[in-house]
Amino acid sequence: MRQFFKQVLATITGLFLFNILLIIIVIGVVSSIIATNGSNKSDTISDNSILHLSFKTKIDERQSENGIPSELLGDEKSISLKNIIDAVEKAGQDSKIKGIYLDLQEFQGQGFSSSIELRTALSNFKKTKKPIIAYSEIYTRGSYYLGSVADETLIYPTGLIQFNGFNFKNMYFSEALNKLGIEVKLIRVGKYKSAGEAFIRSSMSDENRFQMTELINSIYSTYLEGISNSKNISMDSLKLIADELLVKDPSDALKYRLVDGLIYPDQLTTRLNKLTKQKSDDKTRFVSISNYINTIHRKSASDKIAIVYANGEILSGQGDDNRIGSDRISKAIRKARLDSKVKAIVLRVNSPGGSALASDVIWREMVLARKAKTVVVSMGDYAASGGYYIAAPAHKIIAQSGTITGSIGVFGLVPNAKKLLNDKLGLYFDGVKTSKYADLGDITRPMTAQEELIIQQGVNNIYDDFVSKVAIGRNLSKDVVYDLAQGRVYTGKTALELKLVDKIGGLNTAILEAAKLAKISSYEIKELPSTINPFDKIMESLSTKAATMFQSPEKILIESKIKEIQNAFGKDKIRAQLTFDKFILD
């Protein structure tokens, strides 16, 4: 009885806290909307200002359309990459902006392609002869890559700088699965298709080691090339500096010209104030990137270019802003296709792939869209496997040199948990069936040789279909695509040489290409699909918190791990997916 009353009291307390939290958040949302709308009307830029580009805020593919701060929705505060690039472009033509302060103190790791896109925008800004000053106490690989584009790359005198090359590692857990009593069958096509190897191996296969070596060297070359061009240091010299770890502290960085000065924050303030003609001890006349974005007036025109954002793993169903649901993205493409005001569609793909079936559903909508109007793909940090599948029908594909793409291959995973269930848990299963293959894919027993052959044939058929669709979309022979495929991963730079993409550039490059092909000069941008309803996200976040409020941390952890396993061995076992996430520059 005592336990019963404890549970009742806990439930009442939880509901009370839930309602209080809901009231607080609703008040906060309303206040934020009022504040945001008010600031949009009153934001003005003073003469002799410096655009303050800080990385305290996470950079996402797009921002919410509702003006509600993302942190109120349970998300980390974010800003869109396109908005930043548009702001940097506008600042170059704005007489009130005298330069950019690239504040890299709290840099958050970015995908390499996103870093290239932002760095390109900063390089273009420099052509206006306005200065960029970069500063940080600590430079990581990623923050230095951005900081090196500046006219002056400055560092705290006793700070840190990381310049020692790149490395890549995968986690392999076949031994862990063996100890649990789980055997996994990996059924794939393409000798380089390494996705799924983690389930059956404890180290890289030779083929995967070869392709990953090629990939990381290509990315590293692009990284060094950017720094070399900005700092006027040969790539051979940069490689030597990294190989021999010649830069261990800021004084070494200054000696080898990786940085242009060692200064303290007060000295930095003096230097920035000179740009704005202020006294050295005055407060610097900064304008934040978020406030400056509010001053950008978007074009209004009768013709439109639709940007459809396809971000995350590909799966069947609705998905959300960070997962590509085949229903949701297909509907967005269809909406753009049927809108007479939309003259061109840009599909922005940032995805490692996922479900082969879901990818095909989106592919079909892309084919229909191409027949109706201009379709261009912009590849972000990665657009591989299923991500390449949905891109293939486009008239043009634009990728960054560091985009991870290709991986044209298919695999399936079929687990056998008989030992875990029988020997470790004492669980046994028995039953009846009407047909020989009624329990095909059952994880409570090992597959027969005939069943494995059936699944292999299914994977082969999907792979052949994948290759055929790429060949048609890219206007290449099927034999050529077979040679390029095999599940091999490429950078955008290599993909351009192999004719898997058409041009190197970012999202704005793709938009300009779409306008050119559609023969329009004045247009408005329409973003699709609509972002997830904020109040739905609030309620989902609150319900999740309420549901777990009185659960033990151990139970929450176990349930999350079970969910991960369910996702890996879901009902859609045939996958067109990468073995790793996008290459992050941290």
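Anything mentioned here points back to the structure above.
Keep in mind it's a predicted model, so treat the numbers as computed, not measured.

(A) The overall build of the protein chain, seen in detail. Across its full length, the protein chain carries 20 helices and 25 strands. Of all 586 residues assigned to the protein chain, the portion counted as buried reaches 49%. Across the protein chain, the fraction of contacts at a sequence separation of at least 24, relative to all contacts at a separation of at least 6, is 76%. Of the roughly 28,600 Å² of accessible surface on the protein chain, 53% is carried by carbon and sulfur atoms.

(B) Representation of the environment of Gly409. By the secondary structure assignment, Gly409 is in the loop between strand S19 (404–406) and strand S20 (410–416). You can call Gly409 buried: its relative accessible area is 0%.

(C) Spotlight on the pattern of salt bridges. Counting across every chain of the model gives 22 salt bridges. Across the pair Lys231 and Asp260 runs a salt bridge, and its minimum N-O distance is 2.8 Å. One end of the pair, Lys231, is in helix H6 (residues 206–231); the other, Asp260, is in the loop between helix H8 (250–255) and strand S9 (261–262), with 29 residues separating them in the sequence. Residue classification places Asp260 among the partly exposed residues on the basis of a relative accessible area of 38%.

(D) Up close: the pairing of strand S15 (residues 342–351). Burial analysis of S15 places 9 of its 10 residues in the buried class, the great majority of the element. Bridge count for S15 against strand S17 (residues 374–384) is 7 bridges, and the pairing is parallel. Among the inter-strand pairings, Leu347 is bridged to a residue of S17, identified as Val377.

(E) Structural context of the packing of aromatic side chains. Counting across every chain of the model gives 14 aromatic pairs. Plain terms: the ring middles of Tyr139 and Tyr144 are 6.0 Å apart, the flat faces sit at 90° to each other, and that makes the pair edge-to-face. Of the residues examined, Tyr139 reaches a relative accessible area of 1% and is grouped as buried. Relative to Tyr264, the ring of Tyr156 lies with its centre 5.2 Å away and its plane at 90°, an arrangement referred to as edge-to-face. In this pair, Tyr156 sits in strand S7 (residues 152–161) while Tyr264 sits in the loop between S9 and helix H9 (265–275), placing the two residues 108 residues apart along the sequence. Above the plane of the ring of Tyr145 lies Arg119, whose end atom (NZ or CZ) is 4.7 Å from the centre. The lysine or arginine in question, Arg488, covers the ring of Tyr192, its NZ or CZ lying 5.4 Å from the ring centre.

(F) Spotlight on the nonpolar core. Formed by 62 residues in total, the largest nonpolar core has its most connected members in Leu53, Phe163 and Tyr223. The leading source of residues in this core is H6, at 8 residues. Of all hydrophobic cores here, the second largest spans 56 residues; its members include Val308, Ile362, Ile408 and Phe466.

(G) How the structure looks around the side chain of Arg141. Its location among the elements puts Arg141 in helix H4 (residues 141–147). Here the side chain of Arg141 touches Asn164 through a polar contact of 3.4 Å, side chain to side chain. Engagement of the side chain of Arg141 in a polar contact is seen with the backbone oxygen of Gly165, the distance being 2.6 Å.

(H) Broad picture of helix H15 (residues 449–474). An ideal rise of 1.5 Å per residue puts 38 Å on 26 residues; H15 measures up with 37 Å between its terminal C-alpha atoms. Within the span of H15, buried status applies to Glu451, Ile455, Val459, Tyr463, Phe466, Val467, Ser468, Lys469, Val470, Ala471, Gly473 and Arg474. Downstream of H15 by one or two residues, Asn475 has phi in the positive range, about 55°.

(I) Focus on the sheet that holds strand S10 (residues 286–288). Pairing is parallel in the open sheet, where 6 strands are placed in the order S9-S7-S6-S4-S1-S10. Lying at the two open borders of the sheet, with one neighbouring strand each, are S9 and S10. Contacts from helix H2 (residues 81–93) reach strand S1 (49–54) and strand S4 (97–103), with the element oriented near 160° to S1. Lying over the sheet, helix H3 (residues 112–126) contacts S1, S4 and strand S6 (132–139), oriented at roughly 150° with respect to S4.

(J) Fine view of the environment of Lys179. On the secondary structure map, Lys179 appears in helix H5 (residues 174–180). With relative accessibility at 64%, the residue Lys179 sits in the exposed group. C-alpha separation for the pair Lys179 and Lys424, spaced 245 residues apart in sequence, amounts to 10.0 Å.

(K) Region of interest: unusual backbone geometry. Residue Leu528 is joined to Pro529 through a cis peptide bond whose omega torsion reads -10°. Structurally, Pro529 is set in the loop between strand S23 (524–528) and helix H19 (534–548). In the Ramachandran plot, Ser385 falls in the positive-phi region, its phi being about 55° despite a non-glycine side chain. Take Ser385: it is sitting in the loop between S17 and helix H13 (386–389).

Rules behind the numbers
- Residues numbered from 1 in each chain as written.
- Predicted model: local features only at pLDDT ≥ 70, side-chain atom pairs only at ≥ 80, totals over all residues.
- Heavy atoms only, no water.
- Helix = DSSP H or I, 4+ residues; strand = E, 2+ residues; numbered from the N terminus.
- Buried < 20%, exposed > 50% of the residue type's maximum accessible area, 1.4 Å probe, protein only.
- Contact = heavy atoms within 4.5 Å.
- Areas by Shrake-Rupley, 256 points an atom, 1.4 Å probe, with all protein chains shown as cover.
- Salt bridge = Lys/Arg side-chain N within 4 Å of Asp/Glu carboxyl O.
- Pairing = 2+ DSSP bridges.
- Phe/Tyr/Trp six-rings, centres within 6.5 Å; stacked < 30°, edge-to-face > 60°.
- Lys NZ or Arg CZ within 6 Å of the ring centre and 35° of its normal.
- Core = buried A, V, L, I, M, F, W, Y, C linked by side-chain atoms within 4.5 Å.
- Polar contact = N/O pair within 3.5 Å; in protein donor to acceptor, adjacent residues only side chain to side chain.
- Expected span 1.5 Å × (residues − 1).
- Axes fitted to C-alpha atoms, helices over the stretch in contact; angles between N-to-C directions.

Any link to function would need more than the numbers given here.
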